[in-house]
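Listed below, chain by chain, are the residues.
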Amino acid sequence: MSDKTVMVSVKGLTKRYGKVRALDGLTFTLGAGEIVALLGPNGAGKTTTFKCLLGVTGFDGSVEVNGVSAAKRGKEVRRQIGYLPQTPAFDSGDTCEEVLQFLADVKGSDPVRAGELLQQVHLTEQRGVEAGRLSGGMRQRLALAAALLSDPPLLLLDEPTANLDAENRREFLDLIVELRNEGRTVILSTHFVDRLGEIADRVIVLQQGRLALDATMEELRRAKQPGRWYTVNVNGTEPDVLLDALKGIGIGAERVTPVKTHFEDMLAAALAAGSQEEEEPK
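Residues numbered from 1 in each chain as written. Predicted model: local features only at pLDDT ≥ 70, side-chain atom pairs only at ≥ 80, totals over all residues. Heavy atoms only, no water.

Trainee: Tell me about empty space enclosed by the protein, residues and numbers included.
Mentor: Throughout the structure, instances matching the rule amount to two cavities of 30 Å³ or more. Of the volumes computed, that of the largest cavity is approximately 50 Å³. Every residue lining the largest cavity is listed: Thr161, Arg169, Leu173, Leu188, Thr190, Phe192, Asp194, Leu196 and Ile199. For the lining of the largest cavity, the secondary structure elements donating two or more residues are helix 6 (166-181) and helix 7 (196-199). (1 Å grid on protein atoms, 1.4 Å probe; cavity = no way out; pocket = protein on both sides within 12 Å on 5 of 7 lines; lining within 4 Å. Points joined across faces, edges and corners; volume = space filled by probe spheres on them. Helix = DSSP H or I, 4+ residues; strand = E, 2+ residues; numbered from the N terminus.)

Here is the structure:
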């Protein structure tokens, strides 16, 4: 981290909803120009973490984006963040170009960027197509263009490929890599493990609001823990697909004991470096 600009600094982040702790003392630091995969089962705190980074909800602890406090200067922080929700909403009757021009006016961005961004997300030919007629993959690429209107250094992408097929997922992830290569920091909340080994620089795993793992992909590949086994869950996912994905992050089939429970739990169990470990079978 010493050779990188700190883009996100989180210290002791705690968020309570009544007596429930949605986040419990999270601490991590992200450098500029990283793709970070934010993983964990439903209810682990991924979306709540995004809300805290955006400064749209109160919390205890410290959150800074590019050196700016999200708690004290939330509006300034949000100008540095491009946010893509899981289900973006557009006026279905507006064309792609009209959608971006309207949002550019709202954000005070240069309207010229609308055309440039449509080209960047490969929607130039659809610039005159109404948003309601776009495929799911095209809608997500339009939403990504909208998130980029203010040219933010940080992108928060909340399950952007959840409803896409494999081909559209691949195209979208390729765009994310291009954005990282431009120097942007990308935090990608996802439950897909395929291609993580190719695109992600870091993995952060949350379990019940706590930090279960924070490691670079290189650290995961190099990790050698011969006495540990991981419990993973297929729940409808083809075992070969799952095992190939795990190999991509350095966990071989000989280290995996498949069981049929929840797929989301598999993510944390397989990636959390022993947080769900069992004794090695005799």
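Back to the text.
Trainee: Requested: an account of the pairing of strand 10 (residues 210-216), with residues and values cited.
Mentor: In terms of strand pairing, strand 9 (residues 202-207) meets strand 10 through six bridges, oriented antiparallel. Note on strand 10: the bridge partner recorded for Val203 is Ala215. Linking two consecutive strands that pair antiparallel, namely strand 9 and strand 10, is a turn of two residues; a positive phi of about 50° is found at Gln208 within it. (Pairing = 2+ DSSP bridges.)

Trainee: Got a sec to walk through helix 3 (residues 96-107)? Specific residues and values, please.
Mentor: Taking 1.5 Å as the rise per residue, helix 3 with twelve residues should run 16 Å; its terminal C-alpha atoms sit 17 Å apart, in good agreement. Three or more residues of helix 3 are buried, namely Cys96, Val99, Leu100 and Ala104. Here the buried residues of helix 3 occupy an arc of 130° about the axis, which is enough to place them on one side. When the buried face of helix 3 is taken as reference, the exposed residues oriented beyond 90 degrees from it are Phe102, Asp105 and Val106. Looking at the packing, one finds that the buried side of helix 3 touches helix 4 (112-120) and helix 5 (136-147). Positive backbone phi, at 70°, marks Gly108, one or two positions downstream of helix 3. (Expected span 1.5 Å × (residues − 1). Buried < 20%, exposed > 50% of the residue type's maximum accessible area, 1.4 Å probe, protein only. Arc of directions from axis to C-beta. Contact = heavy atoms within 4.5 Å.)

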